[in-house]
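# Geometric and topological summary
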Amino acid sequence: FFPRPASRPSRAMGFPLADVLTSDDLIEEFACKICTELVEYTKCSYTKCGHVFCSSCLGKWMARAGTSWDEAREDAAMNGTNPVVGTRCPTCNTGIERNTVSDLKLASPLAWRLLGRVKVRCPTHTRTHCGWQGDFSEVDAHLTDSKSHTGNGSREKAPRTEGTNACADDQNETDATTNAEALKEQGNAKFSAKAFKEAIQLYSKAISVAEQSVANAGADRTHIASYYSNRAAAWLHVGAHKECVEDCRKALVMDELHVKAHLRLVKALCESSDVSGASYAAAVALKKVPLNREIAQVATTVEMLAAYLAEGEKQLDENDPVGALETFTHANDAVPCAVATLGIAKSEILLGQCDRASRTTLQVIKRDSGNSSAYTTRGHALCLADDFDQGLKHLKEALRLDPDHRDAQRIFRKMKKTFASLGKAREAVKVRDFEQAETAYTDAIFISEAPEKSPLFAVTLGERGNVFLRVKKFDDAISDCERAIDAREDHKYAYYVLANALLSLGKPEEAASRLKIIHEIDPGDETTRRHYEKALFEVRKAKRPRYYEVLGVSSVASVPEIKQAYKQRCMQWHPDRLALASDEEKAVAEENFKSLGEALEIMEDPMKRKLYDEGYDKGAIVERAEAARRAAHRGGHGCG
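On a predicted model such as this, the values are computed, not experimentally measured, just so you know.

Definitions and cut-offs
- Residues numbered from 1 in each chain as written.
- Predicted model: local features only at pLDDT ≥ 70, side-chain atom pairs only at ≥ 80, totals over all residues.
- Heavy atoms only, no water.
- Axes fitted to C-alpha atoms, helices over the stretch in contact; angles between N-to-C directions.
- Helix = DSSP H or I, 4+ residues; strand = E, 2+ residues; numbered from the N terminus.
- Parallel < 35°, antiparallel > 145°, perpendicular 65-115°, else oblique.
- Left-handed = near helix turned anticlockwise from the far one by under 90°.
- Contact = heavy atoms within 4.5 Å.
- Nonpolar A, V, L, I, M, F, W, Y, C, P; charged D, E, K, R; others polar.
- Phe/Tyr/Trp six-rings, centres within 6.5 Å; stacked < 30°, edge-to-face > 60°.
- Buried < 20%, exposed > 50% of the residue type's maximum accessible area, 1.4 Å probe, protein only.
- Salt bridge = Lys/Arg side-chain N within 4 Å of Asp/Glu carboxyl O.
- Patch = residues over 30% accessible without salt bridge, like charges linked within 9 Å, V, L, I, M, F, W, Y side chains within 5 Å.
- Areas by Shrake-Rupley, 256 points an atom, 1.4 Å probe, with all protein chains shown as cover.
- Lys, Arg positive; Asp, Glu negative; His and termini not counted.
- Charge placed at Lys NZ, Arg CZ, Asp CG, Glu CD.
- Core = buried A, V, L, I, M, F, W, Y, C linked by side-chain atoms within 4.5 Å.

Here the focus is the packing of helix H10 (residues 225-237) against helix H12 (residues 259-271). Viewed as axis vectors pointing N to C, H10 and H12 meet at an angle of 25°, and their least axial separation amounts to 10 Å. On the basis of the axis angle, H10 is roughly parallel to H12. Handedness of the crossing formed by H10 with H12: left-handed. Contact residues: H10 offers Ser229, Asn230, Ala233 and Leu236, while H12 offers Lys260, Ala261, Arg264, Lys267, Ala268 and Glu271. In the contact of H10 with H12, the residues fall into 4 nonpolar, 2 polar and 4 charged.

Pasting the structure below:
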């Protein structure tokens, strides 16, 4: 919503070929085919086809140039080549992509050094009459060096007399003003080429020259406001908001009607999260320049931003993270600023999206490494993601930056106590003090106030569920694990504990059903596969015939006792004894008689009986017995 300032007139992106002294044959390879000037030394791009361009020129070219499919097919048909869709090299028409463009200094160090050795003269010589000549790599250093760049290096100085002093002073003031303007234009050129650090150096030199000139002559300083405003724009692009604010205020002291200084001041204050300061600056700008449409638009935008932020904070206080996330997103869309971004991160934390919150806050820290609120929010997110090591480090850094930061103090104390409780609980589990472990895990949940969708909440519940399992509180274990899985659907540990609790309650089918979910999420996990196979084994075990009950003997009965019981049961269920029974009774007797035969087959064979006692069903028993028979046969054949 901030209006883009009108583009200032400036020379082409590259260095003027008219100021190059080296022969044309050498510099031809270093001439940008887009701006037709010598490529920028510090911002030079190298394409895969071996051509060099000013980085800003090539960036703009790739943003607006492109070949459609129809154009590519038509061109390919005419030239007998494969169709190339997208951006083409301005020099050789080869297709290029952004990931194939690199910095000349990295791609070809030798070529970059040769570029730096090109002989040039001062680019301001036509205005300042500076007579400097040197290497291309030294231009920026020359322009910011008062000894080298004097503005009158090639002009002969006439001897000064008393009558010529006033005229000489006027001439010196004119030379200084001309030099300052020339330096500002060079800064504008660097700004256009996105070489913002170099632009700041040139603007600073222009300010120094202009301020010295004004101090010596006692002249009006209004024209210097544009120098400060331009440097403020460069500060803004490198994320130096404090310096930008200072320059804008200096510019407005010199010229309170400077529109761009007003706009940049408001934007810098917004981006540095000083929304109240931005609102005040916008109101002042609107009062000073009431009829300017851009300022009116900015004032409206800042007012909208303040309303969004207030509403977002209210929604966070009311525990409405979904609404807060939407509101802060609108605020950040209106004016990208740290306070809105951190509001988004806080909303993500309440929604349990701690990884996203960590990434969101990292963007703020990269832009402003001194933002204590960003370290606080990221430290909180990391702790709630069960990364206490990094989380507590971030919270300590927040307190180092701002020892009085209340949120940092509160969250640090809370997370430190939570970490201590978790450590106490885990140590108690190791020594099998499950009562102490249960209490410590419960304390950790209470102290942390972790959102129910956060990883820390899921991890703590899963581990407490295991404690309940160990003391045979199966229902409590199942409840904790269900809540942990609801918080994090891929929480494998909670699935394992849940399955073991269900198996302990004699619910193997339900255990296998729950483990199947996590097994399908990650089929390659060996631990999950073992748990799943164990549950399936228990399902088959529960469905197999109860042979001891069929025979009517105990599990420690001897083979003779089993055979005796078999004979007795056969007399009871033999089909010949039920010749006069109904069809239904005969079917039952036939099924029971068949089960007796299977039972005897398993129970009289020591190996099969052992496998049955271990939980294998008939199919698995027969399969393993057959495998053992084949193995024995191969061994006997080899010995023979």
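Turning our attention to the packing of aromatic side chains. Scanning the entire structure with this criterion turns up 5 aromatic pairs. With centroids separated by 5.2 Å and ring planes inclined at 75°, the aromatic side chains of Phe191 and Phe196 adopt a geometry described as edge-to-face. Residue Phe191 is classed as buried on the basis of its relative accessible area, which comes to 15%. Among the aromatic residues, those joined into a cluster by ring pairs are Phe15, Tyr41, Trp112 and Phe136.

This part covers the pattern of salt bridges. Scanning all chains against the criterion turns up 24 salt bridges. Between Lys430 and Glu427 there is a salt bridge whose closest N-O contact spans 3.5 Å. On the criterion of helical spacing, the pair formed by Lys430 and Glu427 is a turn pair, its members being 3 residues apart in helix H20 (residues 406-430). We classify Lys430 as exposed; its relative accessible area is 64%. Look at Glu427 and you get partly exposed, because its relative accessible area is 45%. The partner of Asp480 in a salt bridge is Arg464, with the nearest N and O atoms 2.7 Å apart. Separated by 16 residues along the polypeptide, Asp480 in helix H23 (residues 474-487) and Arg464 in helix H22 (residues 455-470) bring together distant segments of the chain. For Arg464, a relative accessible area of 12% puts it in the buried group. Each of Glu40, Asp140 and Lys190 takes part in salt bridges that share partners, so that together they form one network.

So, about the environment of Gln186. Looking at where Gln186 falls in the secondary structure, it is placed in helix H8 (residues 165-192). Note on Gln186: relative accessible area 8%, which makes it buried. Taking the C-alpha atoms as reference points, Gln186 and Ala206, separated by 20 residues in sequence, lie 9.6 Å from one another.

Taken together, the side chains of Glu311, Glu313, Asp317, Glu318 and Asp320 define an acidic patch exposed on the protein surface. Its relative accessible area of 32% is what places Asp320 among the partly exposed residues.

Glancing now at the nonpolar core. The tendency in soluble globular proteins is for nonpolar side chains to be buried as a group. With 89 residues, the main nonpolar core has Leu38, Leu115 and Phe136 as its most contacted residues. For this core, the element with the most residues is helix H9 (residues 196-217), which contributes 10 residues. Setting aside residues no more than four positions away along its own chain, Phe136 makes contact with Phe15, Leu38, Val39, Tyr41, Leu115, Gly116, Val118 and Val120. Within the second largest apolar cluster, 63 residues are counted, among which are Leu399, Ala484, Ala487 and Tyr532.

Bear in mind that shape data such as this cannot, by itself, settle questions of function.
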